[in-house]
Amino acid sequence: MTTNTVGLGLMPRVAIHLFLLDIQPQIQVQVQVPDLVRNFIVHFYRAFADANTWELHSIYENSFNRLSEKLFQKQPWPEPEAIAPLANNDQVFLILYRELYYRHIYSKLQPTFEDRIASYTNYCDLFNLILNSSEEPINLELPNQWLWDIIDEFIYQFQSYCQYRSKTKNKSENEIFEISKRPDAWNVHNVLNVLYSLIQKSRINEQLWVSKNGGDMMEAAGEFGSRPLYRMLGYFSIVGLLRVQCLLGDYILALKTMENIELGKKGLFARVTACHVTTYYYIGFAYMMMRRYSDAVKAFAHILLFVSRTKQYHTRSYQYEVISKKCEQMYAMLAMCLALSPQRIDENVQTLLKEKYGEQLTKMQKGEEGVPVFEELFSFACPKFISPVPPSFDSVPADTTKYQQQRFIAEVSQQLMVTTIRSFLKLYTTLDIKKLAVFLNMTPEELRTQLLVFKHKTRQRGWESGSVLDGEYESTADLNFYLKLDMIHIAETKIGRRMGEWFIRHINKFE
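Residues numbered from 1 in each chain as written. Predicted model: local features only at pLDDT ≥ 70, side-chain atom pairs only at ≥ 80, totals over all residues. Heavy atoms only, no water.

1. Points about the overall build of the protein
A tally of helices and strands in the protein yields 25 helices and five strands. Evaluated residue by residue, the protein yields a buried proportion of 50% over its 511 residues. Within the protein, counting contacts between residues at least 6 apart in sequence, those at least 24 apart form 72% of the total. Looking at the protein as shown, the accessible area adds up to about 25400 Å², and 53% of this sits on carbon and sulfur atoms. (Helix = DSSP H or I, 4+ residues; strand = E, 2+ residues; numbered from the N terminus. Buried < 20%, exposed > 50% of the residue type's maximum accessible area, 1.4 Å probe, protein only. Contact = heavy atoms within 4.5 Å. Areas by Shrake-Rupley, 256 points an atom, 1.4 Å probe, with all protein chains shown as cover.)

Listed below in C-alpha cells is the structure:
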C-alpha cells in the first residue's frame with residue numbers, strides 16, 4: 001500500500017471538499033457566542049498559531065473540558081462556522097475544532113446520521129492534510145494526549161457507526177435509504193487504510209526495529225518519522241490496529257501488529273495512560289480468546305497493579321471514568337482466566353479481585369454451575385464487536401458479540417471438569433483410576449478422556465520475551481501426573497510464599 005492512495009481511498013470528494021473550503025466566501029454567521037467561549041477560542045487559536053504545545057496541552061486537557069461541563073452539558077459547542085472569524089478562518093484550526101465539536105456530540109449528546117457523516121468527512125480532511133503532504137511534513141504539533149484521542153475517537157466512531165448501521169429493526173425507509181447511499185462512510189477498508197498509511201508514513205515499525213536491534217535511528221525515521229506528530233500518530237495507529245483487529249475477531253493478526261513493540265520495556269504507549277490501559281486490555285483479551293490464559297493473566301495483572309499504584313493521578317484526569325470502566329472489565333476477564341488457569345498473582349491485585357468477583361470466581365470453578373457466570377462476565381467485559389460488511393436490510397443481521405461469546409463458552413465447556421479433577425488430584429500422590437471415576441460419577445474410560453483433556457488444556461503457549469505473538473508451549477498446571485496402567489501418579493508443584501511482599505504490605509498498613 002502506498003501513501004498516495006490514501007486521499008483517494010478515504011472519500012471520492014475529499015479533495016473537492018478541501019478546495020471548496022479554501023475558495024468559499026467569508027460569510028459571517030450571525031450566531032451569538034458567549035463571551036467566555038469567545039475568549040477561550042481566541043486563546044486556543046493563539047496557542048495553536050504560536051505552536052505552544054504546553055499551552056495547548058493545558059487547554060485541551062483542562063479548559064475545554066471545564067467549559068464543556070459548565071456550559072455544554074446538554075447542547076453542542078458553537079458551530080465551527082460561528083467561531084471561524086475568531087480564528088482568522090484558519091482551515092487547519094477549524095478541522096481540529098470540528099474534531100472536538102463532534103467528539104463532544106458523541107460523548108454528551110446523541111449523534112444524528114448527518115453528524116456521523118460530517119464527522120467522518122472531517123476526519124478525512126484531517127488525515128488527508130497529514131498524509132498527502134508528499135514533499136515535506138505538515139507544520140503542526142499537538143500534545144500526545146490529543147494525538148492518542150484522535151486515533152482512539154476515530155476508531156470509536158467507526159465502531160459506533162457499524163453498530164448503528166447494523167440495528168435495522170427500528171429504522172425508517174428514509175434512514176435505510178440514506179445509509180445505503182453512503183457505503184463509503186466509515187468503510188472498514190478506509191479505516192484500515194488510514195491506520196496503515198499513518199504507520200507507513202511515519203516509518204514507526206522501522207524505528208522500533210532499529211530501537212531493538214541497533215542502527216541509525218534518523219535514517220530509519222526519515223523526514224516524516226522524525227517529527228513528533230507523525231511518529232506518535234504512527235505509534236498510536238499500531239495500538240489502533242490492535243483494537244480494530246480484535247473488534248473484527250482476528251486475534252492472531254491483532255497481536256502480529258504489535259510485533260515491534262516490546263511490552264517488557266517502557267514503550268511510548270506509557271506516555272498516555274489511556275493508551276497504556278487500552279494496549280493491555282486488547283492484548284489480554286486476544287490472549288484469552290486464543291486460549292493463552294496464563295499470558296492473559298500476566299497482562300491484566302500487570303496493568304491493574306500499575307493503575308492501582310498510580311490511582312491518585314488518574315482521579316484528576318478527564319478520562320478517569322473511561323480508565324475505571326476498562327479496569328473493571330479487566331478484573332472480570334482476570335477472574336475468568338484464573339478460573340480456567342489458576343496461578344499466583346500479585347497479592348494487592350488478588351485482594352481487589354476477591355472483593356469484586358470473589359463469589360463469581362468460586363462459582364466458575366464448579367463445573368456446569370459456572371457457565372452462566374462465564375456468559376455474564378464475558379458480556380460485561382468483552383469489546384463491542386463489529387461486522388466489517390454492511391448488513392442486508394432485508395434480513396436480521398448477525399449478532400457478532402453473541403457469536404464471539406458462543407465461541408468462548410464452547411471452549412470453556414470443554415474444560416469444565418479440569419478444575420474438579422485438579423481438586424481431587426491435589427489430595428493424593430497416587431490414586432487408582434477406578435476410585436477417581438467413582439468420585440466423579442463417570443466410567444474409567446470417560447475419566448481417561450477427561451485426563452487427556454486436562455493435559456491438553458493446561459498446555460499453553462507462554463510469552464517470555466520478543467513479539468507478543470511468540471511463546472513456547474508449557475504446562476500451566478500447578479501439578480503434574482502420569483498414568484501407569486490403572487494408577488495415576490501425581491507430583492504437585494508447591495510455590496513458596498513471597499514473604500518479602502507479605503512483610504512490606506503489612507508494614508504499609510501500620511504506617
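Having seen the structure, we can now continue with the description.
2. Brief notes about the packing of helix 22 (residues 416-425) against helix 24 (residues 444-457)
Direction vectors running N to C along helix 22 and helix 24 enclose 100°, while the axes themselves pass 9 Å from each other. Relative to helix 24, the element helix 22 is oriented roughly perpendicular. Residues Met 417, Val 418, Ile 421 and Arg 422 of helix 22 form the contact with helix 24, whose participating residues are Leu 447, Gln 450, Leu 451, Val 453, Phe 454 and Lys 457. (Axes fitted to C-alpha atoms, helices over the stretch in contact; angles between N-to-C directions. Parallel < 35°, antiparallel > 145°, perpendicular 65-115°, else oblique.)

3. Describing helix 24
Each α-helix turn comprises 3.6 residues. Residues three or four places apart therefore point the same way. The terminal C-alpha atoms of helix 24 lie 20 Å apart, and with 14 residues this matches the ideal 20 Å at 1.5 Å per residue to within 8%. All of the buried residues along helix 24 are Leu 447, Gln 450, Leu 451, Val 453, Phe 454 and Lys 457. Down the axis of helix 24, the smallest arc covering the buried residues is 155°, so these residues share one side. Away from its buried face by more than 90 degrees, helix 24 exposes Glu 445 and Leu 452. (Expected span 1.5 Å × (residues − 1). Arc of directions from axis to C-beta.)

4. Thoughts on the pattern of salt bridges
What the rule picks out here adds up to 15 salt bridges. One salt bridge connects Arg 103 with Asp 149, and the closest N-O pair in it is separated by 3.8 Å. In this pair, Arg 103 sits in helix 6 (residues 91-108) while Asp 149 sits in helix 8 (residues 144-166), placing the two residues 46 residues apart along the sequence. Taking the shortest distance from any N to any O, the salt bridge between Lys 298 and Glu 464 comes out at 4.0 Å. One end of the pair, Lys 298, is in helix 16 (residues 293-309); the other, Glu 464, is in the loop between strand 2 (459-462) and strand 3 (472-475), and 166 residues separate them in sequence. Look at Lys 298 and you get partly exposed, because its relative accessible area is 39%. (Salt bridge = Lys/Arg side-chain N within 4 Å of Asp/Glu carboxyl O.)

5. Quick look at the nonpolar core
For soluble globular proteins, the rule of thumb is that nonpolar side chains tend to be buried together. Met 288 and Phe 408 are the most contacted members of the largest nonpolar core, which has 143 residues in total. In this structure, Met 288 is in contact with Tyr 293, Ala 296, Met 333, Met 336, Cys 337, Phe 378 and Phe 408, ignoring residues within four places of it in sequence. Counting 17 residues, the second largest nonpolar core, distinct from the first, contains Leu 425, Leu 440, Leu 479 and Ile 488. (Core = buried A, V, L, I, M, F, W, Y, C linked by side-chain atoms within 4.5 Å.)

6. Quick word on the environment of Gly 225
Among the structural elements, Gly 225 can be located in helix 12 (residues 217-225). Sequence separation between Gly 225 and Pro 137 is 88 residues; the distance between their C-alpha atoms is 9.1 Å.

7. Brief notes about helix 10 (residues 188-202)
Taking 1.5 Å as the rise per residue, helix 10 with 15 residues should run 21 Å; its terminal C-alpha atoms sit 21 Å apart, in good agreement. Burial within helix 10 is extensive, with 12 of its 15 residues counted as buried. Turning to helix 10, its buried residues number three or more, namely Val 188, Asn 190, Val 191, Leu 192, Asn 193, Val 194, Leu 195, Ser 197, Leu 198, Ile 199, Lys 201 and Ser 202. Capping the start of helix 10 is the job of one residue whose side-chain oxygen sits 2.8 Å from the backbone nitrogen of His 189: Asn 187. Of the residues flanking the end of helix 10, it is Arg 203, one or two places downstream, whose phi is positive at about 55°. (Polar contact = N/O pair within 3.5 Å; in protein donor to acceptor, adjacent residues only side chain to side chain.)

8. Concerning the side chain of Asn 190
With respect to the helices and strands, the residue Asn 190 is situated in helix 10. For Asn 190, the side chain forms a polar contact with the main-chain oxygen of Asp 184, separated by 3.1 Å.

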